[in-house]
Amino acid sequence: MYKKAQNPIVVVVVMAILAAAIIGGFLFVRNIGTKNQETRKSKSEVEKLMELDLDENYPGTAREVLKINNRLMKCYYNEELTDEQLKALAMQNQKLFDKELLKRNPYDAYVERLKKEIEGYKKSRVTIINIGLQELADAETEERGGYKFCNLLVSYFLKEGDGHKKTNHKYYLREDENGKWKILFWEVTQKTF
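Counting restarts for each chain: residues are numbered from 1 in the order of the written sequence. Given that the model is predicted, a residue must reach a pLDDT of at least 70 before its local features are reported, and side-chain atom pairs must reach 80 or more before they are shown or counted; all residues, however, enter totals for whole chains, interfaces and linings. For side-chain calculations, the full set of non-hydrogen atoms in the structure is used, while hydrogens and water are omitted.

Any chance you could break down the packing of aromatic side chains for me, citing the residues and the numbers?
Two rings from Phe, Tyr or Trp (for Trp, the six-membered ring) form a pair when their centres are within 6.5 Å of each other. A pair whose planes differ by under 30 degrees is stacked, one over 60 is edge-to-face, and the rest are tilted. If you walk through the whole model with that rule in mind, you get 7 aromatic pairs. Between Tyr76 and Tyr77, the ring centres sit 6.2 Å apart and the planes meet at 80°, which makes this aromatic pair edge-to-face. In this pair, the class of Tyr76 matches that of Tyr77, namely buried. Pairing Tyr77 with Tyr121 gives two aromatic rings, centres 4.2 Å apart and planes at 25°, and the pair type is stacked. Of this pair, Tyr77 sits in helix 3 (residues 62-78) while Tyr121 sits in helix 6 (residues 107-123), and the two are 44 residues apart along the sequence. Exposure classes here rest on a 1.4 Å probe applied to the protein chains alone. A residue is buried below 20% of its type maximum, exposed above 50%, and partly exposed in between. Secondary structure elements are defined from DSSP: runs of H or I of at least 4 residues count as helices, runs of E of at least 2 residues count as strands, and each element is numbered from the N terminus.

As structure tokens, this is what we get:
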């Protein structure tokens, strides 16, 4: 039997439409992925910290509390912050503070002291290069007076002008009545980990 061959023009048009649809679909999907990635990448560390919901998603360990605190420190001393950003970060930072530390650091006084410290760092051309944080397994822990305490060491590696230096701090954290670790106080120390 004889079968009539299909019109070559129709075949070419159909193939061109299919090719265009496949290429268009690929570009569309790729463009959506790129936009989502740009949205995620476009947020600065300051914005990410300002958006943290510490009321609903509070860090579960003393070490995690200090990780957020250290991220805030890097922003304070390394970034050019607007007054609104500084105030928002300070508010986030105070959510990590124990009620005893909050009593000694009311919000307005804390913000003013931060501004002065940051200004001093900028004048001295000091920035935080890196931060080392002791492992939780190596931390000092104890129970006293119905409270749990955890002491962790933090090393700040600083660039000061043309030189470098390291400073160590010991952070004292206390678990509150809701099981959240809060920063009680810190001090400069010679101890390292």
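Let's pick the thread back up.
Can you lay out the pairing of strand 2 (residues 140-144) for me, pointing to particular residues and giving the numbers?
Here, a strand pair is defined by DSSP locating no fewer than two bridges between the strands. Both strand 2 and strand 3 (residues 147-160) contribute to a ladder of 5 bridges, which runs antiparallel. Note that in strand 3 the partner of Glu143 across the bridge is Lys148. Where strand 2 hands over to strand 3, the hairpin turn is made up of 2 residues, of which Gly145 adopts a positive phi near 60°.

Explain helix 3 to me, and be specific about the residues and the numbers.
Residue count minus one, scaled by 1.5 Å, sets the expected span of a helix. The first and last C-alpha atoms of helix 3 sit 24 Å apart over 17 residues, in line with the 24 Å expected at 1.5 Å per residue. Among the 17 residues that make up helix 3, 12 are buried, leaving the element largely enclosed by the rest of the structure.

Describe the environment of Leu54, and please don't skip the residues or the numbers.
Relative to the assigned elements, Leu54 resides in the loop between helix 2 (45-51) and helix 3. Look at Leu54 and you get buried, because its relative accessible area is 3%. Residue contacts are counted whenever heavy atoms from the two residues lie within 4.5 Å of one another. If we ignore the near neighbours within four places in the chain, the residues touching Leu54 are Pro59, Ile68, Gln92, Lys95 and Leu96.

An account of the packing of helix 3 against helix 6 is requested, with residue identities and associated values reported.
Helices that pack against each other are described as a pair by the angle of their axes relative to one another and the distance between those axes. It is at 9 Å that the axes of helix 3 and helix 6 come closest, and there the two elements cross at 60°. Here helix 3 lies oblique to helix 6, going by the angle between them. On the side of helix 3, the interface is formed by Tyr76, Tyr77 and Asn78, while helix 6 contributes Tyr110, Leu114, Glu117, Ile118, Tyr121 and Lys122. Here the residues of the contact of helix 3 with helix 6 are counted per class, giving 6 nonpolar, 1 polar and 2 charged. Fitted lines through C-alpha atoms give the axes, limited to the stretch in contact for helices. The angle between two N-to-C directions lies from 0 to 180 degrees. These descriptions rest on fixed angle ranges, namely under 35 degrees for roughly parallel, over 145 for roughly antiparallel, 65 to 115 for roughly perpendicular, and the rest for oblique. Asp, Glu, Lys and Arg are counted as charged, while Ala, Val, Leu, Ile, Met, Phe, Trp, Tyr, Cys and Pro are counted as nonpolar; the rest, among them Gly, fall into the polar class.

How would you explain the pattern of salt bridges if you had to name every residue and give the values?
For this analysis, a salt bridge means a side-chain nitrogen from Lys or Arg found within 4 Å of a carboxyl oxygen belonging to Asp or Glu. Applying the stated criterion to the full structure yields 19 salt bridges. Note that Lys67 and Glu64 form a salt bridge whose closest N and O atoms lie 3.3 Å from each other. Pair noted here: Lys67 and Glu64 are both in helix 3, with a separation of 3 residues, about one helical turn. For Lys67, a relative accessible area of 34% corresponds to the partly exposed category. The exposure class of Glu64 is partly exposed, given its relative accessible area of 34%. Residues Lys99 and Glu177 are paired through a salt bridge, measuring 3.8 Å at the closest nitrogen-oxygen approach.

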